[in-house]
Number of protein chains: 4
Amino acid sequence: MKTTPYRRGFASDNNSGIHPDVLEAICNANSGHTLAYGDDPYTESAVNKFKAHFGKDIEVYFVYNGTGANVLGLNAATEPYHAVICADTAHLHVDECGAPERFTGCKLLAVSTPDGKLSVDGIKPHMHGFDVEHHAQPKVVSITQATELGTVYRPEEIAELSKFVHENGMLLHMDGARLANAAVFLDSELCAITKDVGVDVLSFGGTKNGIMVGEAIVFFNRKLARNFKYLRKQGMQLASKMRFVSVQFDALLSNGLWRKNAAHSNRMAKLLSREVEKLPDLRIQITRPVEANGIFVKVPQDKISVMQSERFFYVWNEETSEVRWMTSFDTTEEDVFSFVDFLKKILIDGS
Amino acid sequence: MKTTPYRRGFASDNNSGIHPDVLEAICNANSGHTLAYGDDPYTESAVNKFKAHFGKDIEVYFVYNGTGANVLGLNAATEPYHAVICADTAHLHVDECGAPERFTGCKLLAVSTPDGKLSVDGIKPHMHGFDVEHHAQPKVVSITQATELGTVYRPEEIAELSKFVHENGMLLHMDGARLANAAVFLDSELCAITKDVGVDVLSFGGTKNGIMVGEAIVFFNRKLARNFKYLRKQGMQLASKMRFVSVQFDALLSNGLWRKNAAHSNRMAKLLSREVEKLPDLRIQITRPVEANGIFVKVPQDKISVMQSERFFYVWNEETSEVRWMTSFDTTEEDVFSFVDFLKKILIDGS
Amino acid sequence: MKTTPYRRGFASDNNSGIHPDVLEAICNANSGHTLAYGDDPYTESAVNKFKAHFGKDIEVYFVYNGTGANVLGLNAATEPYHAVICADTAHLHVDECGAPERFTGCKLLAVSTPDGKLSVDGIKPHMHGFDVEHHAQPKVVSITQATELGTVYRPEEIAELSKFVHENGMLLHMDGARLANAAVFLDSELCAITKDVGVDVLSFGGTKNGIMVGEAIVFFNRKLARNFKYLRKQGMQLASKMRFVSVQFDALLSNGLWRKNAAHSNRMAKLLSREVEKLPDLRIQITRPVEANGIFVKVPQDKISVMQSERFFYVWNEETSEVRWMTSFDTTEEDVFSFVDFLKKILIDGS
Amino acid sequence: MKTTPYRRGFASDNNSGIHPDVLEAICNANSGHTLAYGDDPYTESAVNKFKAHFGKDIEVYFVYNGTGANVLGLNAATEPYHAVICADTAHLHVDECGAPERFTGCKLLAVSTPDGKLSVDGIKPHMHGFDVEHHAQPKVVSITQATELGTVYRPEEIAELSKFVHENGMLLHMDGARLANAAVFLDSELCAITKDVGVDVLSFGGTKNGIMVGEAIVFFNRKLARNFKYLRKQGMQLASKMRFVSVQFDALLSNGLWRKNAAHSNRMAKLLSREVEKLPDLRIQITRPVEANGIFVKVPQDKISVMQSERFFYVWNEETSEVRWMTSFDTTEEDVFSFVDFLKKILIDGS
């Protein structure tokens, strides 16, 4: 096959490929036979890597993707008559085509937020109807770390949420598709911003941080994992040649690769935002704090197309002309400078 | 990580690794950015490979695994009040943890068969209650090619089934996890034993024939694919870094790799069966026709453990002491001869 | 059994019993055998009564209750990857324990409104992501007539909604649990505020207007009713002794009983609101237009309990001390005056 | 409305109307207001009637119909990855349009039986794959008492089943749509053939024994009822004017009405079978033991239509020309004799 791959752009961190270390791990695992479905030494090793990070009293299950991780993690934490509270920007709510509702039967209750971050005050209006059979019973609060708006929960914010949630007999779910980027921003260990602050079940993202395929569900509340193997299988998320998913996570959690990748990605976002801020054009404005690897920017409506053909990205809000630029583990400084040069050219030079 | 992979055994064709050509294709695709979720040139190329085999008037969707392919293919063909008729040995029925029922809502009607193959006569007892609201309405007949018992439908058998099915306003689904092995046995092209004989929707297997991860759903009845993209996403089976799934199928369908792998696998099964038949021990008996890459054998109950520790495999039926040996694209003649030698040693020499 | 039934109160119109004409119809139908499940002359007659109101080109199905009517009506109009837009006060959203999500698989998108009434402007923010597989596809707008806040859509408001909805390839669902009350308020025929203004499928309420058990689903868009009989059965909503549900609707739609009951109920609400407005106590305030048979009133927090033991009702909003009083077909003027007298006594006289 | 109700026939016990005592109870409950959804003295009284029969340590929930009772009872006892084992003649399997699969997500495993009755031996072939995630996990055995073939489990048969089921960590569900008929045949109390012999959850039938609408779910295993109220609501089976369902059961369980109705019905079946046996025509043969209120008879194919127009009934098996005659609480001796006379006329006299 002859393909001309797209130039590296700022569309999404999942437009990137596989980190070389991860690909090497796949190649290295490709010899001999091993039992399918996870009962193999590669998977055991990968799980141990998670335990090195999060402690031994956890349960780890690998699935195929973020949708699977989120939906099955919630499924393990709920009955069909429960409700899940999340931000109205949550990927869970806006980008999974109703998969959570269909598979779990639960109602999603979306909370409007200024910055993609749930707070106790934001949750409270949904905290009613408990024990009343007419109401879907609130059972899980789901937060995304880093959020879909590029912001990052501080550990104390998560702790406050988990305290409130647990006091009300509920559970805290974290969509950690970009957990590594949050940990880098907070200069924190992974455990310190998840298990240590009361998260019950975590979708641990890999695909957006350099792996090829796979996501992990980490149960800090191990009771939720009882019988989870059946949910994973029935949920169509059990890989037969599991070793090739497992070794990717093993590589990601070895030699600090997860941190290196995320740190680079965050750094590129920061670089891009600093360079953009320097642009002497009031029509281009960064709209949100740049805390992880996403930059949200208002740009002139009529320049969007030409920008996209230079380096592809998505429009976040058509009405306000706000766009999203995501950096990735493989974004280069040259990508950033070249794009900013291009912006200068079309904005300031007017070409 | 230091792992000692299991020795190649006869447990399952999904205990094998990745064929080198497939792995190379993954490596070659690993440069630059490309749009996620399938809107990329790699995927276009892979789909074209399918069209070269099956004609242009098809729809192809890649998913993660066989469960996903079967369940979503059926979902596209049914309403929740429908019934799906399959053999009582069908993977769909016995090995997917109820995923079809849960996701589609449909009832599965299992038919007892002598050889894993459905026939019109086997289906007929379920052909009643049409238009009666109390009965789940039979809508799909699902067959497995090659079957779970290692047998292969002849094209005319499929044609007869599809004729009957279509005359009754129903659809024919094929679980083709081992379609390549069937095509090799029949010395046939892929299209001749699927589309040409009336299959409406096909799960096209890759994982058991040398790829790492992925399965394709091929719609010959294109009406069923209308809106399928939503079912795939809601069904948690949409890969973000799709290119790495697509290129595997591209490689599998290039240079006749699918046929080479399956042919080798079938040949190894035949070799093993021939060598086993030569054993002068009446306690070991091949129980079913060896048409694809599976051999079913009755062996002495008390020897199973020691055999398994030599080359791992699964017991098919504990009561009758029948075991299953699967060969794979990477099974070697040495694997076969060495195993048969071992059998001789423990059976005949009595050690 | 010796029971002391609760005194008539203002808790809900479903706290009332059966209108004598309806009960008589049940008694009259109780002779001989008739086919179960709706293939009987009683049901045919009841359906004809609906056709007399709504025209011949409709489909009518009886179910057990409002939850069943709403959920199954939506099920007939949707695929699992669709979204349903409704007011955030919709019974569908807040009072059905997640039944719509669980049974249809759809996402509910709740819109905040001042008065329980959806508008095109309120809907628009959810009108995006069409054709994008990551988003649950908006397919149905569901309105409640009269609303859960006691307000009534004007026919032109419904027409405007249906025009917008249809222009966007969507469908309009109406939860008409209190449709009769709305028709009385609007001095309108039933057809004029449903079919004539573009409603596609209607939950026609009976229980809150004097019948014992049953609700009707009326399909103005007959295509949606294709195969509906299977959905009703699979949805556990097919009554075996259907005649006894049917005759209740026959009675309700005969001799203008539906209108008489609703008119009385509305009149009692109006009377209650007028009498309450006369009360010289600023602590008691009617908070919403009284258009149907519900009155929303702010009352002194510390008087709620004593009021409830006089005539039972529900608190609508604990924080704002707003309560809801519902009248019913069997509310008497004496009930109203006696309750207002009691209010005077405890509020003004201070006892 | 002018209707000519069908003549009493032998189609089904749900073709009959309401027993006068039950209708009277409905009428008597029709005064004043009472809380909706079951928090009322009528429901309390009805539940107490159940406790008088089954002991105080039970939970009772009323639902609308048999489908609701069976599906929700199973839902309370299962997770979606479980399997339910039943006879292949079970109403659950053949007459509920896939409702169990759709709502619970479970797989149904149907067992072929000679007489509609499951046995330990019949169940055993499905007792495998425990703890293996690929297999839907057998969790519930469901039996019907009296069976769909008119036969009755002896208490010791149920005890043997429940012992086996419980020893294997499973649960025993009983579809008791015609439990009363079974109790009469066995000359037994209701408790002796349910709770006392190890049933965990029971669908207690009313509609086929003289009530208008309603079915009860009785949990002997009270743990299963934890949170059941949410399942009932989400399952669309919560009646608002619950008192009118409750009083029907109150009446049925008062003054031995349940037994009187069932005894009469059984007696009429016995009478019919005896009279039919006397017929000197070898072409008419009773095919199964007449233990409850159903008779299965082979009749001449060419006489079926004319028989049906005299007294309506259903064909059970078209191929074998076997028909089913059901008697009811309101079947009269005259109905029986007149039908047998008619049979004589058309069979023997040849007219």
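The text that follows walks through the structure, step by step, so that each part is easy to find. (Residues numbered from 1 in each chain as written. Chains lettered and ligands numbered in written order. Predicted model: local features only at pLDDT ≥ 70, side-chain atom pairs only at ≥ 80, totals over all residues. Heavy atoms only, no water.)

Attention now moves to the relation of the copies chain B and chain A. Overlay of chain B on chain A (RMSD 0.0 Å): rotation 180°, translation along the axis 0.0 Å. Within this description, the copies of the chain are treated as partners about a two-fold rotation axis. In this assembly, 99% of the residues forming the interface of chain B have copies in chain A that are likewise at the interface, indicating an isologous arrangement. (Least-squares fit on C-alpha atoms with pLDDT ≥ 70 in both. Contact = heavy atoms within 4.5 Å.)

Per the counting criterion, the structure on display carries 76 salt bridges over all chains. Residues Lys229(A) and Asp131(D) are paired through a salt bridge, measuring 3.2 Å at the closest nitrogen-oxygen approach. Here Lys229(A) is found in helix 9 (residues 228–234), whereas its partner Asp131(D) is found in the loop between helix 6 (120–123) and strand 4 (137–144) on a different chain. Notably, a salt bridge pairs Arg259(D) with Glu189(D), separated by 3.0 Å at the nearest N-O pair. (Salt bridge = Lys/Arg side-chain N within 4 Å of Asp/Glu carboxyl O. Helix = DSSP H or I, 4+ residues; strand = E, 2+ residues; numbered from the N terminus.)

To continue, consider the packing of aromatic side chains. Applying the stated criterion across every chain, the model contains 74 aromatic pairs over all chains. When the centroid spacing of 4.9 Å and the interplanar angle of 15° are considered together, the rings of Tyr81(B) and Tyr230(C) count as stacked. Residue Tyr81(B) is found in the loop between helix 3 (66–77) and strand 2 (82–87), and its partner Tyr230(C) is found in helix 9 (residues 228–234); the two belong to separate chains. Summarising the burial analysis for this pair, Tyr81(B) and Tyr230(C) share the class buried. With 5.1 Å between their ring centres and 80° between their planes, Phe296(C) and Trp316(C) make a pair best called edge-to-face. Here Phe296(C) is found in strand 9 (residues 294–298), whereas its partner Trp316(C) is found in strand 10 (residues 314–317), with 20 residues between them in sequence. The buried category is assigned to Phe296(C), whose relative accessible area is 1%. (Phe/Tyr/Trp six-rings, centres within 6.5 Å; stacked < 30°, edge-to-face > 60°. Buried < 20%, exposed > 50% of the residue type's maximum accessible area, 1.4 Å probe, protein only.)

On to the relation of the copies chain C and chain D, then. In the superposition of chain C on chain D (RMSD 0.0 Å, axial shift 0.0 Å), the rotation amounts to 180°. Comparing contact sets, 99% of the residues at the interface of chain C also lie at the interface in chain D, consistent with an isologous, same-surface contact.

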